[in-house]
Amino acid sequence: MRIVLLGAPGSGKGTQSQWLVGRFHIPQVSTGDLLRAAVANGTALGLKAKEAMAAGRLVDDQIVLGMIRERLAEPDTGQGFILDGFPRNLAQARALDELLAQIGQPLDAVVQLKVDYAELSRRIAGRRTCSDCGRVVNLLTSAPQALAAERCPKTGQAHRLFQRPDDNEATVAERLRVYEAQTQPLVEYYRQQNLLRSIDAEGEVTEVSARLEQVLAR
Ligand code: AMP
């Protein structure tokens, strides 16, 4: 199954991708994660991407497309994949269509995760990542005691949680603006291709996963 998850920052693309990985045994391909790894490793690509990411703008299409081309050439994507955070504008969507047509693996579905603006800001404010295992948690929705009791699979200790530098208020406002201006038009693009399925992505994580499973079964 080849899926795109479409949604604003904080809509739960990463969380639901993780659920899909377990459910369908296909890899999550997150351009945000790939870019953050490049920045952390100080690669030439990371250095180019860093400034745009810190400002909440989109990284140059050519950089992102190069990364996606390489990632989709890896053998683990042969049975399908979940694209999380890509494509993010029309140029990327068209380039993806071309790339997938070349390898004879067109998309099966594009799922739009719909979340209200106020809820997006709230979720992003509570989002934290473990610096060792990369697990993403939300301080607003996780019970503090359960979180403190959880062991990091990498260290065996409690998670060491940090806030993503681009999750600060000013950058979040810019990321949401960029989403409206550049990514939202993809809803229409995929509707016209008859690939779009929209779900209400508010409420419990498990409820959203159930809605996701339902629309993918159609
Ligand atoms: P994310 O983790 O998906 O929220 O992405 C974090 C940041 O990485 C974004 O704010 C952009 O600066 C950059 N980024 C991620 N995916 C893309 C993409 N497909 N195109 C351009 N920039 C991206």
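About the criteria used
- Residues numbered from 1 in each chain as written.
- Predicted model: local features only at pLDDT ≥ 70, side-chain atom pairs only at ≥ 80, totals over all residues.
- Heavy atoms only, no water.
- Helix = DSSP H or I, 4+ residues; strand = E, 2+ residues; numbered from the N terminus.
- Buried < 20%, exposed > 50% of the residue type's maximum accessible area, 1.4 Å probe, protein only.
- Contact = heavy atoms within 4.5 Å.
- Salt bridge = Lys/Arg side-chain N within 4 Å of Asp/Glu carboxyl O.
- Pairing = 2+ DSSP bridges.
- Axes fitted to C-alpha atoms, helices over the stretch in contact; angles between N-to-C directions.

Enquirer: Lay out the side chain of Gln92 in plain terms, naming residues and giving numbers.
Expert: Residue position: Gln92 is located in helix 5 (residues 90–102). A residue is classified by how much of its surface remains accessible, and Gln92, at 3% relative accessible area, is buried. Setting aside anything within four residues of it in sequence, one finds Gln92 in contact with Asp61, Val64, Leu65, Phe86 and Pro87.

Enquirer: Summarise the pattern of salt bridges; cite the residues concerned and give the values.
Expert: For the structure on display, the rule yields 15 salt bridges. With a closest N to O distance of 2.8 Å, Arg71 and Asp76 form a salt bridge. Judged by relative accessible area, Arg71 falls into the buried class, the value being 14%. Note on Asp76: relative accessible area 37%, which makes it partly exposed. Two residues, Arg135 and Glu150, come together in a salt bridge whose shortest N-O distance is 2.5 Å. Here the residue Arg135 occupies a position in the loop between strand 5 (127–130) and strand 6 (136–138), and Glu150 occupies one in the loop between helix 7 (144–149) and strand 7 (161–162), the gap between them amounting to 15 residues. Using a relative accessible area of 37% as the deciding quantity, one classes Arg135 as partly exposed. Through salt bridges that share partners, Arg127, Arg164, Asp166, Asp167 and Arg175 make up one connected network.

Enquirer: I'd love a proper account of the pairing of strand 4 (residues 109–114), names of residues and values included.
Expert: Judged by how many residues are buried, strand 4 sits mostly within the fold: 5 of 6 residues are covered. Alignment of strand 1 (residues 2–6) against strand 4, held across 4 bridges, turns out to be parallel. Looking at strand 4, one finds that Val4 is bridged to Val110. Relative to strand 8 (residues 196–200), strand 4 runs parallel, the two being bridged by 5 bridges. Looking at strand 8, one finds that Val111 is bridged to Arg197.

Enquirer: Explain the sheet that holds strand 8 to me, using residue names and the numbers behind them.
Expert: Adjacent strands of a sheet form backbone hydrogen bonds with each other and so pair up, either parallel or antiparallel. Judged by pairing direction, the sheet is parallel, and its 5 strands sit side by side in the order 2-3-1-4-8 without closing on themselves. In the strand order of this sheet, the two ends are held by strand 2 (28–30) and strand 8, each with one partner. Averaged over all neighbouring strand pairs, the angle between strand axes comes to 25°, with direction disregarded. Pairing geometry for strand 1 and strand 3 (residues 81–84), over 4 bridges, is parallel. From the neighbouring strand, Val4 faces strand 3, where its bridge partner is Leu83.

These figures capture arrangement, not role.
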